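Structure assessment
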Amino acid sequence: MKASALSLLFIAQLAADVDSFGIKSLFTRNTQLRATNDESDKKRVVVIGNGMVGQRFMENLIDLDTDKKCVISTFCEEPRAAYNRVKLTSYFETRNPSALSMTSEFDNEGRTPWYEENNVELLLNDKVVSVDTKSKTVTGASGKIIDYDVAVFATGSYPFVPPIPGKQRPGVFVYRTIEDLEAMLAYVKENNVKSAAVIGGGLLGLEAAKAVADMKVESHIIEFAPILMCRQIDQGGHDALVGKIEEMGLKVHCGARTESFVGENGSTDMEDMSPVSALRFSNEGWDDLDVQMVVVSAGIKPRDELARDTDIAVGERGGIVVDEQLKTSVDGTYAIGEIALYNNFIYGLIAPGYDMAGVCSKIIAQEELGYDLGLEETPAFTGADLSTKLKLLGCDVASFGENQPNPDDADVSNLVWNDPIGGIYRKL
């Protein structure tokens, strides 16, 4: 036998001997142990919530963490990773969740390559059920417990549903997630829904009304205030907007005092489970509005229930109290987005949330990871511009500054351009 063949045989036999004595397994365990030890030297940052703001925070922190001083874990209670809720109504154009992804296309498990590529532990379908700030642990519904050095609350908000009798009925939905849209679509198809009411005439309500219209269902917008978008526009802006909306076939009902969601059996209580069939109003002279579906979009409430079970300070009306660096009252914990209560105010727009994510990532990089970012001033969130510029129902709507100043203010003058025929309203 030639020398080369003998060498090959010897190597093969050596490999077999190594494996038979368990040396190979020992090598593997040692390698894994070294990897674990390497990771244990890093700080663990746990992001509670994988929405748009939580995702932006992680991207910012990864960019700042040039020496890989931390590892990130994020809990996501939904079946897919972060997606763009602002563009939720565009889901009807493709019915493809990947079109809304914040990173790239989702695989069959709802993941994208971004998380593995950036060594981010993504815990899908795992809602956080408790946070222990003493032992510094976060526990998911799956039972998984993760130790943390830094915890960032990015749990966002949930839709506020007023205590209207009948809110428990089949056919009553909220508008927040892709699953909400899919549930509505299924209900419309299974129940031959022809008409639906959207409770709320704010930004989210108008988006929900657009979603209902895209289902080929007659859409009624129900608003308690005398005008739509009362935080952004005035009466003149309302008149122009309503004109545009009604041209599209949607119906607007302002000043509406919804008394109950009536069931098919005529019941109006808080227990009966008969499907919704109408809206009843307390307005004098108003008839019931026949609808087979109701979408509630009447504002948001911060999801602060986790913090309420800890020693983290929470606002009287909700939200985790933070300072200019987005720090909570407990060391090593931060809050960003719609969960953060800064200066007794919750910011429900995405732009302030992104600002918070930027400030928080810099503070953590500097103070928790020890980076010198070369900044002249300490990063701070001191409030945000609440101007709004959106395309609602095909209409361009923009609002900047104070939309309804005090009429007694002598320092305020108004310049108004109103073209009712062209549907244009401008006020400076």
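Residues numbered from 1 in each chain as written. Predicted model: local features only at pLDDT ≥ 70, side-chain atom pairs only at ≥ 80, totals over all residues. Heavy atoms only, no water.

Quick notes on empty space enclosed by the protein
Inspection of every chain in the model, using the stated rule, returns 1 cavity of 30 Å³ or more. Estimated volume of the largest cavity: approximately 40 Å³. Forming the boundary of the largest cavity are Pro-159, Tyr-175, Arg-176, Leu-204, Ser-297, Gly-299 and Ile-300. Of the residues contributing to the lining of the largest cavity, the split by class is 4 nonpolar, 2 polar and 1 charged. (1 Å grid on protein atoms, 1.4 Å probe; cavity = no way out; pocket = protein on both sides within 12 Å on 5 of 7 lines; lining within 4 Å. Points joined across faces, edges and corners; volume = space filled by probe spheres on them. Nonpolar A, V, L, I, M, F, W, Y, C, P; charged D, E, K, R; others polar.)

Thoughts on the pairing of strand β5 (residues 137–140)
Where burial is concerned, the two faces of β5 agree: the one with Thr-137 and Thr-139 and the one with Val-138 and Gly-140 are both buried. Across 4 bridges, strand β4 (residues 128–132) lies against β5 in antiparallel orientation. Bridged to Val-131 within β5 is Val-138. Linking β4 back to β5 in an antiparallel pair, the connection comprises 4 residues, with Lys-136 at a positive phi of about 55°. Of the pairings in the sheet, the one linking β5 to strand β6 (residues 145–147) comprises 3 bridges and is antiparallel in character. By the bridge assignment, Thr-137 is partnered in β6 with Asp-147. Linking β5 to β6, which pair antiparallel, is a turn of 4 residues; within it Gly-143 sits at a positive phi near 95°. (Buried < 20%, exposed > 50% of the residue type's maximum accessible area, 1.4 Å probe, protein only. Helix = DSSP H or I, 4+ residues; strand = E, 2+ residues; numbered from the N terminus. Pairing = 2+ DSSP bridges.)

What to know about the side chain of Glu-368
Summarising the element assignment, Glu-368 is placed in helix α10 (residues 350–368). Buried and unpaired, Glu-368 has no salt bridge, with Lys-43 as the nearest side chain of opposite charge at 4.3 Å. Sequence-distant contacts of Glu-368, defined by excluding residues within four places in its chain, comprise Lys-43, Val-150, Gly-332, Tyr-334 and Ile-363. (Lys, Arg positive; Asp, Glu negative; His and termini not counted. Salt bridge = Lys/Arg side-chain N within 4 Å of Asp/Glu carboxyl O. Contact = heavy atoms within 4.5 Å.)

Quick look at the nonpolar core
Membership of the largest hydrophobic core comes to 94 residues, with the highest contact counts inside it found for Phe-57, Met-293 and Ile-336. Ile-199, Ile-222, Leu-279 and Phe-281 belong to the second largest nonpolar core, which has 14 residues in total. (Core = buried A, V, L, I, M, F, W, Y, C linked by side-chain atoms within 4.5 Å.)

Overview of the packing of helix α3 (residues 52–64) against α10
Helix packing for two helices is described by the angle between their axes and how far apart those axes are. For the pair α3 and α10, the least separation of the axes is 8 Å and the interaxial angle reads 35°. Regarding α3 and α10, the two cross each other, and that crossing is right-handed. Contact residues: α3 offers Met-52, Val-53, Arg-56, Phe-57, Asn-60, Leu-61 and Leu-64, while α10 offers Ile-350, Gly-353, Tyr-354, Ala-357, Gly-358, Cys-360, Ser-361, Lys-362, Ile-364 and Ala-365. (Axes fitted to C-alpha atoms, helices over the stretch in contact; angles between N-to-C directions. Left-handed = near helix turned anticlockwise from the far one by under 90°.)

A word on the state of the cysteines
Counting across every chain of the model gives 0 disulfides. Unpaired in this structure, Cys-230 has its nearest cysteine sulfur neighbour in Cys-254, at a distance of 9.2 Å. For Cys-230, a relative accessible area of 39% puts it in the partly exposed group. (Disulfide = S-S within 2.5 Å.)

A closer look at the side chain of Gln-325
Tracing the chain through its elements places Gln-325 in the loop between β18 (320–322) and β19 (333–335). Looking at Gln-325, the relative accessible area reads 16%, which means it is buried. Here the side chain of Gln-325 touches Pro-379 through a polar contact of 2.9 Å, landing on its backbone oxygen. Apart from residues lying up to four places away in sequence, Gln-325 is in contact with Tyr-334, Val-359, Ile-363, Thr-378, Pro-379 and Ala-380. (Polar contact = N/O pair within 3.5 Å; in protein donor to acceptor, adjacent residues only side chain to side chain.)

Considering the packing of aromatic side chains
This structure, assessed with the given rule, holds 6 aromatic pairs. Over the face of the ring belonging to Tyr-354 we find Arg-56, whose NZ or CZ atom lies 3.7 Å from the ring centre. Over the aromatic face of Tyr-371 sits the side chain of Lys-69, whose NZ or CZ is 4.3 Å from the ring centroid. (Phe/Tyr/Trp six-rings, centres within 6.5 Å; stacked < 30°, edge-to-face > 60°. Lys NZ or Arg CZ within 6 Å of the ring centre and 35° of its normal.)

Describing the sheet that holds strand β10 (residues 195–199)
The 5 strands lie next to each other as β9-β16-β10-β11-β12, forming an open sheet whose pairing is parallel. Two strands bound the open sheet, and with one partner strand each, they are β9 (172–174) and β12 (251–254). Between one strand axis and the next, the sheet turns by 20° as a mean value, whatever way the strands run. Note: strand β11 (residues 218–223) against β12, 4 bridges, orientation parallel. Looking at the pairing, Ile-222 lines up with His-253 of β12. Its contacts with the sheet put helix α6 (residues 178–191) on β9 and β16 (293–296), and the angle it makes with β9 is roughly 155°.

Focus: the pattern of salt bridges
Considering all chains together, one arrives at 15 salt bridges under this definition. Notably, a salt bridge pairs Lys-210 with Asp-214, separated by 2.8 Å at the nearest N-O pair. Residue Lys-210 and its partner Asp-214 are located together in helix α7 (residues 203–214), separated by 4 residues, close to a single helical turn. For Lys-210, a relative accessible area of 26% corresponds to the partly exposed category. Salt bridges sharing common partners tie together Arg-44, Glu-121 and Lys-144.

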